[in-house]
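Each chain, letter by letter, is given below.
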Amino acid sequence: MSLVFRQLFESESSTYTYILADSVTKEAIIIDPVKETLERDMSLLEEMHLKLKYILETHVHADHITSAGTLKEKTKAKIVLGVGTGLETADVLLEDNETLSFGSHKIKAIRTPGHTNGCTSYYIDGYVFTGDALLIRGCGRTDFQEGSAETLYKSVKGRLFLLPKDTLVYPGHDYQGRTCSSIAEEMQSNPRLRISVSEGDFIEIMNNLKLEKPKKIDVAVPANLKHGL
Ligand code: FE2
């Protein structure tokens, strides 16, 4: 029973959106859809004859506005976030290790807080969608939205790095054109989180990034708490 998989990109915020579906039943899920690319995503679903069942968010984003609310209005799909977001307006708040089914496939929530409290990664058949918890050769920042370097370190090393080493890592963003990595690759080569980096080193790195505030944070976070509506 093969899994349909598409990786899509939104260039303004460098965000990846993912569509997964059961090739037989055509039931589909979308992960982290973006407002600006709503029409593209709707067209693709239609062209592939997919029926959207769930709209998953890896977290409440600060850098772009989600299209989840509009997608729900148009498709009747259910909005899903991790329980750590505390977002009661979601249709489903997934607990750690809880699964969702579409067709014959199951996707599992893995709580990976640290970038935000509600960050959740999603695992399915050798793929993990890590949102901003683990990026290719990097990770999400931990200096706003309840961020905690200590918590993120535990999420990555204590949860994501325990997945099978050949698991493919599909992040929430990439700013350098990379599309995919693997757990083994990140364990070996992620400059912030590879095996040789201690928790103390990681906290030191994260506390000294001196990043500017995301341009859209004051608009995006309030909008995303209402699913972009
Ligand atoms: Fe984020």
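Residues numbered from 1 in each chain as written. Predicted model: local features only at pLDDT ≥ 70, side-chain atom pairs only at ≥ 80, totals over all residues. Heavy atoms only, no water.

**Student:** Please give an account of the overall build of the protein chain that cites residues and values.
**Tutor:** Of regular secondary structure, the protein chain possesses six helices and 12 strands. Over its C-alpha atoms, taken along the principal directions, the protein chain stretches across nearly 50 × 40 × 30 Å. Buried positions account for 55% of the 229 residues belonging to the protein chain. Within the protein chain, residue pairs in contact and separated by at least 24 positions form 62% of the contacts whose partners lie at least 6 positions apart. Summed over all atoms, the accessible surface of the protein chain reaches about 10100 Å², with 51% contributed by carbon and sulfur. Considering the protein chain, the positive charge centre built from 27 side chains and the negative charge centre built from 32 side chains are found 1 Å apart. (Helix = DSSP H or I, 4+ residues; strand = E, 2+ residues; numbered from the N terminus. Buried < 20%, exposed > 50% of the residue type's maximum accessible area, 1.4 Å probe, protein only. Contact = heavy atoms within 4.5 Å. Areas by Shrake-Rupley, 256 points an atom, 1.4 Å probe, with all protein chains shown as cover. Lys, Arg positive; Asp, Glu negative; His and termini not counted. Charge placed at Lys NZ, Arg CZ, Asp CG, Glu CD.)

**Student:** Describe the pattern of salt bridges, with residues and values.
**Tutor:** Following the criterion strictly, the structure yields 13 salt bridges and no others. With a shortest N-O distance of 3.8 Å, K53 and E27 are connected by a salt bridge. Highlighted residues: K53 in strand β4 (residues 51-56) and E27 in strand β3 (residues 27-31), separated in sequence by 26 residues. For K213, the salt bridge is made with D218, and the minimal N-O distance between the two is 3.1 Å. Judged by relative accessible area, K213 falls into the exposed class, the value being 52%. Each of E12, E36 and K216 takes part in salt bridges that share partners, so that together they form one network. (Salt bridge = Lys/Arg side-chain N within 4 Å of Asp/Glu carboxyl O.)

**Student:** Please provide a residue-by-residue account of the sheet that holds strand β12 (residues 181-182), values included.
**Tutor:** Strand order in the open sheet formed by six strands is β7-β8-β9-β10-β11-β12, and the pairing between neighbours is mixed. The two strands at the open ends of the sheet, each matched to only one other strand, are β7 (99-102) and β12. Pairing of strand β9 (residues 120-124) with strand β10 (residues 127-131), which is carried by three bridges, proceeds in the antiparallel orientation. Note that in β10 the partner of Y123 across the bridge is V128. (Pairing = 2+ DSSP bridges.)

**Student:** A description of the coordination of the iron ion should follow, citing residues and the corresponding values.
**Tutor:** Tetrahedral coordination by four donors places them ideally at 109.5 degrees to one another around the metal; octahedral coordination by six donors ideally gives 90 or 180 degrees. Coordination sphere of the iron ion, protein contribution only: H59 (NE2), H115 (NE2) and D132 (OD), at 2.1 to 2.3 Å. Along the chain, the residues donating to the iron ion fall in the pattern H-x55-H-x16-D. Taken together, the residues span a long stretch of sequence, with H115 in the loop between β8 (105-111) and β9 and D132 in the loop between β10 and α3 (149-158) at a distance of 17 residues. Accessibility classification places H115 together with D132 in one group, the buried group. (Donors = N, O, S within 2.8 Å, 3.2 Å for Na, K, Ca; no water.)

**Student:** Lay out the environment of V34 with the relevant residues and their values.
**Tutor:** Mapped onto the elements of the fold, V34 is located in the loop between β3 and α1 (38-47). Separated by 18 residues in sequence, V34 and Y16 place their C-alpha atoms 8.7 Å apart. Residues contacting V34, with those up to four places away along its chain left out, are E10, T15, T17, H64, I65, T66 and S67.

**Student:** Account for the side chain of T17, with residues named and values stated.
**Tutor:** In this fold, T17 is placed in strand β2 (residues 15-22). For T17, a relative accessible area of 0% translates into the label buried. A polar atom in the side chain of T17 sits 2.7 Å from the backbone oxygen of D32. (Polar contact = N/O pair within 3.5 Å; in protein donor to acceptor, adjacent residues only side chain to side chain.)

**Student:** If you had to explain unusual backbone geometry to someone new, which residues and values would you point to?
**Tutor:** Of note in this structure, K76 is not a glycine but carries a positive phi near 70°. Examined against the element boundaries, K76 turns out to sit in the loop between α2 (68-75) and β5 (78-82). Overall, K76 belongs to the exposed group, its relative accessible area being 69%. The residue E146 is not glycine, and still its phi comes out positive at about 55°. Residue E146 is classed as exposed on the basis of its relative accessible area, which comes to 53%.

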